[in-house]
Amino acid sequence: LKQNFPDREVIAIELAKSDKDPRQNALHLDCTFQPIGDNKAIVFRGGFKYETDYQKIVDYFGEDNLVHIDREEMYHMNSNIFSISPEVIISDSSFERLNGILKDMGFTVEEVEYDEVAKMEGLFRCSTLPLVRD
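Residues numbered from 1 in each chain as written. Predicted model: local features only at pLDDT ≥ 70, side-chain atom pairs only at ≥ 80, totals over all residues. Heavy atoms only, no water.

Peer 1: Can you explain the nonpolar core? Please cite residues and give values.
Peer 2: Residues Leu66, Leu98 and Leu102 are the most contacted members of the largest nonpolar core, which totals 24 residues. Secondary structure elements with two or more residues in this core: β1 (33-36), β2 (40-43), α1 (51-61), β3 (66-68) and α3 (96-104). Element by element, the count of residues in this core is highest for α1, at four residues. Those residues in contact with Leu98, other than ones at most four positions away along the chain, are Ile42, Val67, Ile69, Asn78 and Ile81. (Core = buried A, V, L, I, M, F, W, Y, C linked by side-chain atoms within 4.5 Å. Buried < 20%, exposed > 50% of the residue type's maximum accessible area, 1.4 Å probe, protein only. Helix = DSSP H or I, 4+ residues; strand = E, 2+ residues; numbered from the N terminus. Contact = heavy atoms within 4.5 Å.)

Put into structure tokens, the structure is as follows:
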């Protein structure tokens with residue numbers, strides 16, 4: 001990443017992993033951390049291997065700009081939403097608590113049924129992430 005983006009700061013973060021308990025396993029970064037809007041983020045504190053990595057997120061965004069999800073919400077990939085603009089988010093309709101918080105924060109939340117895609121261990125971010133392939 002540093003080679004491809006030399007003008008950007010790259011921050012290394014390690015996720016909590018478990019081969020035995022899927023609820024203790026942060027599958028991907030976007031399952032435990034997701035930037036939204038201009039300066040906010042969704043985060044699961046327990047998804048980081050080290051507390052110092054979580055603190056990097058707090059230091060960057062500020063505690064008041066974080067939406068915290070719990071372990072069960074992380075397991076169901078609640079943070080894996082799709083920001084289509086700084087004001088509009090596409091989210092699964094089953095993420096009721098998170099969607100309510102986002103709406104209360106002033107976001108327009110377009111709710112769609114997308115939970116079948118999660119069975120393939122990915123959700124909005126995974127299915128919309130543009131990739132460059134050779």
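After presenting the structure, the write-up continues.
Peer 1: Explain the side chain of Asn25 residue by residue, including any values.
Peer 2: Here Asn25 is to be found in the segment before β1. For Asn25, the residues in contact, after removing those within four places along its chain, are Ala16, Lys17, Ser18 and Met74.

Peer 1: Describe the pairing of β2, and please don't skip the residues or the numbers.
Peer 2: Here is the key point about a regular strand: its side chains alternate between the two faces of the sheet. Because side chains alternate across β2, one face comprises the buried residues Lys40 and Ile42, and the other comprises Ala41 and Val43, equally buried. Between β1 and β2, which pair antiparallel in sequence order, lie three residues; one of them, Gly37, sits at a positive phi of approximately 60 degrees. Sheet analysis places β2 next to β3, joined by three bridges and oriented parallel. Note on β3: the bridge partner recorded for Ala41 is Leu66. What joins β2 to β3 is α1, and the crossover it makes is right-handed. (Pairing = 2+ DSSP bridges. Right-handed = clockwise from strand over helix to strand, strands pointing away.)

Peer 1: Can you break down α3 residue by residue, with the values?
Peer 2: Within the span of α3, buried status applies to Leu98, Asn99 and Leu102. Along α3, the residues classed as buried sweep out an arc of 100 degrees about the axis, all on the same side. α3 presents Glu96 and Asp104 as exposed residues on the side facing more than 90 degrees away from its buried surface. Looking at the buried side of α3, the elements it contacts are β1, β2, β3, β5 (88-92) and β6 (108-112). In the stretch just after α3, Gly106 is the one whose phi turns positive, near 100 degrees. (Arc of directions from axis to C-beta.)

Peer 1: How would you summarise the sheet that holds β1 if you had to cite specific residues and measurements?
Peer 2: Strand pairing in a sheet takes place through backbone hydrogen bonds and is either antiparallel or parallel in direction. Reading across the sheet, the three strands line up as β1-β2-β3 and stay open at both edges, with mixed pairing between neighbours. The sheet is open, and its two edges are formed by β1 and β3, each paired on a single side. Each neighbouring strand pair of the sheet contributes to a mean axis angle of 20 degrees, computed without reference to strand direction. Across four bridges, β1 lies against β2 in antiparallel orientation. Paired with Gln34 across the strands is Ile42, a residue of β2. Helix-sheet contacts for α1 involve β1, β2 and β3, and the interaxial angle to β3 is about 140 degrees. Against the sheet, α3 touches β1, β2 and β3, its axis set at about 160 degrees to β3. (Axes fitted to C-alpha atoms, helices over the stretch in contact; angles between N-to-C directions.)

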